[in-house]
Amino acid sequence: MLPSDLKPEQFNSYPPAARKLVTGYVGALQRSPLSFVPSLLREVIEYDFKFPPERKAIEKELENLNSLSPEQMKEWFQEFAEIRVSTKLENIDWVNSPGLFVEQLSAHLWATHQLDAFRKAAMNYASRLQAVAAPESLPVARLGIAVIGQGAATHDEPLFRKLRAHGGYFSRVNPENGLETLLNAVAARAKAHPIPYGHWYIDGGREANHDSALTCVSYNALEPARAILLRKMSGEIGKAGMGPEMLRTLLAQMRPADLGMGKAEDELLERFQVKLLTEGSGTQIFSTTFAQWAARETLRRAQPLTLLVRFAPRQRQRPMNELLSGLRPNADLDPAGSLVDADMGSYYTYLNQQRLAGAEKSSFLVWFEGHNEALAIGPAMPRGTQSSSPTDLKQLLTWVS
């Protein structure tokens with residue numbers, strides 16, 4: 001089937017909100033090339049389980065597609081139209097399984113030496129779409145906070161080396177009630193700007209007491225789901241003929257109920273957590289990897305105004321088969337190595353925050369938990385500076401936000 005053959009009733013199996021949305025744009029989809037439409041439908045079919053910024057992006061994209069004149073359609077999609085798609089791909093039920101089509105399209109593009117042409121078409125399309133879909137103004141500048149080094153007594157190398165050029169380093173920060181201070185500050189922002197999924201607390205270990213106004217995800221709370229997933233992965237890997245691509249496809253199809261979840265009221269959040277465990281590499285077994293990936297995906301998808309990510313000690317490295325088996329739940333922890341991981345993780349979190357709208361006004365704070373070292377980044381904070389004057393985290397927050 002080709003996009004020109006699309007009919008509204010072919011979307012009847014879509015979730016309610018997605019179905020209602022897409023049936024209003026069937027005409028626009030009919031005018032689009034097959035090499036493009038399934039990629040868009042892969043996002044549309046998940047519309048009911050997207051965060052508000054993702055929903056707005058899909059809506060804007062469909063509205064723009066619908067507004068293009070025939071001449072503009074040719075300009076926007078000429079490169080996609082030149083991509084040769086096989087009959088085998090045309091015969092896939094790409095309306096109801098757009099993800100499967102996109103996976104097989106990637107293999108087809110590689111085999112037919114069209115990958116570069118497709119990448120060029122996709123980049124040009126993204127540039128055009130970005131030019132016409134201006135980001136909305138924010139009610140308050142973004143604030144990111146990273147808490148690193150839980151359980152680590154000291155460190156061999158200087159901390160925050162990659163971040164120091166962007167802000168001020170403070171070596172005499174009073175650590176008393178530090179985590180509580182930060183969580184209270186994040187909660188205050190959530191109450192002052194009550195946006196759904198706009199304020200997050202991610203913990204790589206056991207979550208601390210926090211205000212219910214925050215959206216919270218923690219590594220320890222997902223332990224039952226992680227154990228089920230590791231057993232499933234270990235069982236599938238042991239099957240004859242099972243390769244990484246087949247395993248990836250299997251993981252992509254998992255739902256909360258498959259991991260013993262599906263009992264909470266927030267299905268969107270549960271599906272997000274499932275994706276953290278099934279799409280991230282190592283998020284099932286290393287807490288520092290989980291925290292870093294969760295922060296990345298939260299920033300990319302929910303685009304929050306406030307994010308606090310707290311790194312916790314991960315287990316020590318062991319043979320991969322042993323890690324996947326999950327047979328040593330009380331594995332030895334590595335606080336010193338985890339501090340190194342978290343230090344780099346805080347830098348990546350900062351970079352991911354800077355990719356969002358309003359980056360020039362955003363602020364970032366990273367603190368060595370329980371210790372006197374912190375680094376603050378903000379519009380008014382001098383870059384590449386150091387201070388040995390006594391201060392505390394509450395004061396640092398007022399300087400950057």
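Just so it is clear, the structure is predicted and the values come from calculations on it, not from any experiment.

About the thresholds
- Residues numbered from 1 in each chain as written.
- Predicted model: local features only at pLDDT ≥ 70, side-chain atom pairs only at ≥ 80, totals over all residues.
- Heavy atoms only, no water.
- Helix = DSSP H or I, 4+ residues; strand = E, 2+ residues; numbered from the N terminus.
- Rg over C-alpha atoms; globule rule 2.2 N^0.38 Å.
- Contact = heavy atoms within 4.5 Å.
- Areas by Shrake-Rupley, 256 points an atom, 1.4 Å probe, with all protein chains shown as cover.
- Salt bridge = Lys/Arg side-chain N within 4 Å of Asp/Glu carboxyl O.
- Buried < 20%, exposed > 50% of the residue type's maximum accessible area, 1.4 Å probe, protein only.
- Core = buried A, V, L, I, M, F, W, Y, C linked by side-chain atoms within 4.5 Å.
- Pairing = 2+ DSSP bridges.
- Phe/Tyr/Trp six-rings, centres within 6.5 Å; stacked < 30°, edge-to-face > 60°.
- Arc of directions from axis to C-beta.
- Axes fitted to C-alpha atoms, helices over the stretch in contact; angles between N-to-C directions.
- Parallel < 35°, antiparallel > 145°, perpendicular 65-115°, else oblique.
- Left-handed = near helix turned anticlockwise from the far one by under 90°.
- Nonpolar A, V, L, I, M, F, W, Y, C, P; charged D, E, K, R; others polar.

Caption draft 1: Region of the structure containing the overall build of the protein chain. Of regular secondary structure, the protein chain possesses 16 helices and 10 strands. Relative to a compact globule of 401 residues, whose C-alpha radius of gyration would be 21 Å, the protein chain shows 23 Å and is just as compact. For the protein chain, the spread of C-alpha atoms along the three principal axes comes to 70 × 50 × 40 Å. In the protein chain, the share of contacts with a sequence separation of at least 24, taken over all contacts with a separation of at least 6, comes to 71%. Approximately 19,700 Å² of the protein chain is accessible, and the part contributed by carbon and sulfur atoms is 51%.

Caption draft 2: View of the pattern of salt bridges. Taken as a whole and judged by the stated rule, the model has 17 salt bridges. With a closest N to O distance of 3.9 Å, Arg42 and Glu43 form a salt bridge. On the basis of relative accessible area, Glu43 is assigned to the partly exposed category, the value being 29%. We note a salt bridge from Asp334 to Arg314, for which the minimum N-O separation is 3.5 Å. A residue pair is termed long-range when its members are at least 10 positions apart, and Asp334 in the loop between helix 14 (320–325) and helix 15 (335–354) and Arg314 in the loop between strand 6 (306–310) and helix 14 qualify at 20 residues. Side by side, Asp334 and Arg314 carry an identical accessibility label, which is buried.

Caption draft 3: Quick look at the nonpolar core. Of all hydrophobic cores here, the largest spans 47 residues; its most connected members are Ile148, Phe160, Leu163, Trp200, Phe290 and Val366. Dropping the residues within four chain positions of it, Val366 is found in contact with Ala146, Ile148, Phe160, Leu163, Ser346, Ala374 and Leu375. In terms of nonpolar packing, the next biggest core, distinct from the first, is built from 39 residues, Phe80, Ile83, Leu89 and Leu129 among them.

Caption draft 4: Summary view of the pairing of strand 4 (residues 199–203). Counting buried residues along strand 4, 5 of its 5 residues qualify, which places the element largely inside the surrounding structure. The side-chain alternation of strand 4 yields two buried faces, one formed by His199, Tyr201 and Asp203 and the other by Trp200 and Ile202. By the bridge criterion, 4 bridges tie strand 4 to strand 5 (residues 215–218) in an arrangement that is parallel. By the bridge assignment, Asp203 is partnered in strand 5 with Ser218.

Caption draft 5: Seen up close, unusual backbone geometry. For His113, which is not glycine, the phi torsion reads 60° and is therefore positive. Relative to the elements of secondary structure, His113 occurs in the loop between helix 7 (98–111) and helix 8 (115–132). Judged by its relative accessible area of 75%, His113 is exposed. Even without glycine at this site, Phe160 takes up a positive phi of about 60°. Topologically, Phe160 is positioned in the loop between strand 1 (143–148) and strand 2 (168–170).

Caption draft 6: Just the environment of Pro175, in detail. Relative to the assigned elements, Pro175 resides in the loop between strand 3 (173–174) and helix 9 (178–192). Overall, the relative accessible area of 25% leaves Pro175 in the partly exposed class. Here the alpha-carbon distance between Pro175 and Leu356, two residues 181 residues apart in the chain, equals 30 Å. Setting aside chain neighbours within four positions, we find Pro175 in contact with Trp367, Gly370, His371 and Asn372.

Caption draft 7: Just the packing of aromatic side chains, in detail. A complete count under the given rule lists 18 aromatic pairs for this structure. Seen in terms of ring centroids, Phe51 and Trp200 are 5.6 Å apart; in terms of plane orientation they differ by 80°. Their pairing is edge-to-face. Residue Phe51 is located in the loop between helix 3 (37–44) and helix 4 (52–67), and its partner Trp200 is located in strand 4; the two are separated by 149 residues in the primary sequence. Accessibility assignment for this pair places Phe51 and Trp200 in one class, buried. Relative to Tyr125, the ring of Phe77 lies with its centre 5.5 Å away and its plane at 35°, an arrangement referred to as tilted. You can see Phe77 sitting in helix 5 (residues 70–81) and its partner Tyr125 sitting in helix 8, a full 48 residues away along the chain. A single burial state applies to Phe77 and to Tyr125, both of which are buried.

Caption draft 8: Region of the structure containing helix 3. Buried residues of helix 3: Val37, Pro38, Leu40, Leu41 and Val44, and no others. Down the axis of helix 3, the smallest arc covering the buried residues is 155°, so these residues share one side. On its buried side, helix 3 packs onto helix 1 (16–22), helix 2 (26–30), helix 4 and helix 7.

Caption draft 9: Quick look at the sheet that holds strand 1. Taken together, the 8 strands give an open sheet; going across it, the order is 5-4-6-1-7-8-2-9, and neighbouring strands pair in mixed fashion. Strand pairing shows two members of the sheet lacking a second neighbour, strand 5 and strand 9 (385–387), which therefore form its edges. Each adjacent strand pair in this sheet contributes to an overall mean axis angle of 10°, direction not counted. Of the strand pairs in this sheet, strand 1 and strand 6 are connected by 5 bridges, and their pairing is parallel. Paired with Leu143 across the bridge in strand 6 is Thr306. Against the sheet, helix 9 touches strand 1, strand 4, strand 6 and strand 7 (363–368), its axis set at about 155° to strand 6.

Caption draft 10: Summary view of the packing of helix 12 (residues 267–279) against helix 13 (residues 287–302). In the contact formed by helix 12 and helix 13, the axes pass within 10 Å of each other and the chain directions differ by 125°. In terms of axis orientation, helix 12 runs oblique to helix 13. Here the hand of the crossing between helix 12 and helix 13 comes out right-handed. Contacts between helix 12 and helix 13 involve Phe272, Lys275, Leu276, Leu277 and Glu279 on the former and, on the latter, Phe290, Trp293, Ala294, Glu297, Thr298 and Arg301. Across the contact of helix 12 with helix 13, the residue classes break down as 6 nonpolar, 1 polar and 4 charged.

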